[in-house]
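Commentary on secondary and tertiary structure
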Amino acid sequence: MKGGLLVDDKFIHGQDKNLTVRKTSLFFAGDGFTVYDCKGSLVFRVDSYGGPNNRDTDEVVLMDAHGRCLLTLRRKRPSLRRRWEGYLGERTEGQRPIFGVRRSSIIGRNSVTVEVYAEYECSEYLIEGNFGQRSCTVVEAETRRKVAEIRRKVDASTNVMLGKDVFSLNVKAGFDGAFAMGLVLVLDQIYGDDFVEVGEEQVHPSADDH
């Protein structure tokens, strides 16, 4: 297939897609997400899985707008939160993961490796940049082709940069949007301590917010 791992072909498109990702809590990293398209329609959601003890969370579930489980992300033990694995749908006992994510163990290197456990066109991706600052890129390890980008969100009507609880996920043509959002969830679990900047504005995405 062209692009990335197939979680659900409903979220693979022939052109780039800009999604607005919004944290559903302002107080704890990892407290859930809602994801909207450029028309303001709900695409993905993650119900609250955190709270003050969220760093002990081992499993995160990505759902579509109707609550259907698309992807389960589970921390691999023991890993000091550096390794996660992804499972299609709702994970069952004995089910094999379809990909793994690991943070670089080299001091000073801010990168994450994604390995796909199947025979796909590209078997490895790199995530480079700073998720805490909402500035990182997912690339194919071999070709360096960009497949997704995370960036700070700017309010189109006021030209004001929004807080880090609202950010953009740009999914390139042919890449699986559900897979890309699953990687966002893992990044939030790995780097989630660097989250809210107090005093920054927040808005709900609208049809005019691209």
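Below or above, wherever it landed, is the structure these notes cover.

Calculation notes
- Residues numbered from 1 in each chain as written.
- Predicted model: local features only at pLDDT ≥ 70, side-chain atom pairs only at ≥ 80, totals over all residues.
- Heavy atoms only, no water.
- Helix = DSSP H or I, 4+ residues; strand = E, 2+ residues; numbered from the N terminus.
- Buried < 20%, exposed > 50% of the residue type's maximum accessible area, 1.4 Å probe, protein only.
- Pairing = 2+ DSSP bridges.
- Axes fitted to C-alpha atoms, helices over the stretch in contact; angles between N-to-C directions.
- Polar contact = N/O pair within 3.5 Å; in protein donor to acceptor, adjacent residues only side chain to side chain.
- Contact = heavy atoms within 4.5 Å.
- Core = buried A, V, L, I, M, F, W, Y, C linked by side-chain atoms within 4.5 Å.
- Phe/Tyr/Trp six-rings, centres within 6.5 Å; stacked < 30°, edge-to-face > 60°.

**Quick look at the environment of L88**
With respect to the element layout, L88 can be found in strand β6 (residues 83-88). Judged by relative accessible area, L88 falls into the partly exposed class, the value being 37%. The sequence separation of L88 and L71 amounts to 17 residues, and the corresponding C-alpha distance is 4.9 Å.

**Details of the sheet that holds strand β7 (residues 99-103)**
As summarised here, the arrangement of the 12 strands in space is β1-β2-β3-β4-β5-β6-β7-β8-β9-β10-β11-β14, forming a closed barrel in which the pairing is antiparallel. Going across the sheet, the axis of each strand differs from the next one's by a mean of 20°, ignoring polarity.

**Some remarks on the pairing of strand β14 (residues 166-171)**
Burial of β14 is extensive: six of the six residues sit out of reach of the surface. In β14, alternate side chains face the same way, and those of V166, S168 and N170 on one face and F167, L169 and V171 on the other are all buried. Inspection of the sheet shows strand β11 (residues 146-152) paired to β14 by five bridges, in the antiparallel sense. By the bridge assignment for β14, E149 is matched with N170.

**Let's talk about the pairing of β6**
Sheet topology note: the strand β5 (residues 69-75)/β6 ladder contains five bridges and is antiparallel. Each residue of the ladder has a partner; that of L71, found in β6, is L88. Relative to β7, β6 is paired through four bridges, and the arrangement is antiparallel. Counterpart to W84 in the pairing with β7 is V101.

**Thoughts on the side chain of E85**
Inspection of the secondary structure puts E85 in strand β6. Residue E85 is classed as buried on the basis of its relative accessible area of 12%. Separated by 3.3 Å, the side chains of E85 and Y87 make a polar contact. If near-sequence neighbours (up to four positions away) are discounted, E85 is found in contact with T72, L73, R74, K76, P97, F99, G100 and Y117.

**Notes on unusual backbone geometry**
Non-glycine residue R134 carries a positive phi angle of around 55°. Tracing the chain through its elements places R134 in the loop between β9 (124-130) and β10 (135-140).

**Regarding the nonpolar core**
Residues F44, L62, F99, L169 and M181 are the most contacted members of the largest nonpolar core, which totals 44 residues. No other element matches the 11 residues that helix α1 (residues 177-191) contributes to this core. Dropping the residues within four chain positions of it, L62 is found in contact with F44, R45, V46, R68, C69, L70, L71, A178, M181, G182 and L185.

**So, the packing of aromatic side chains**
Any two aromatic rings considered together are summarised by their centre-to-centre distance and by the angle between their planes. One pass over the structure, following the stated rule, counts six aromatic pairs. Measuring from centroid to centroid gives 6.0 Å for F131 and F167, while their planes differ by 90°, and the two rings are edge-to-face. Of this pair, F131 sits in the loop between β9 and β10 while F167 sits in strand β14, and the two are 36 residues apart along the sequence. Side by side, F131 and F167 carry an identical accessibility label, which is buried.

**Notes on the environment of M63**
By the secondary structure assignment, M63 is in strand β4 (residues 59-64). Judged by its relative accessible area of 11%, M63 falls in the buried class. For M63 and E90, which are 27 residues apart along the polypeptide, the C-alpha to C-alpha distance reads 9.7 Å. If sequence neighbours within four positions are ignored, M63 has contacts with V43, F44, R45, D47, R68, C69 and L70.

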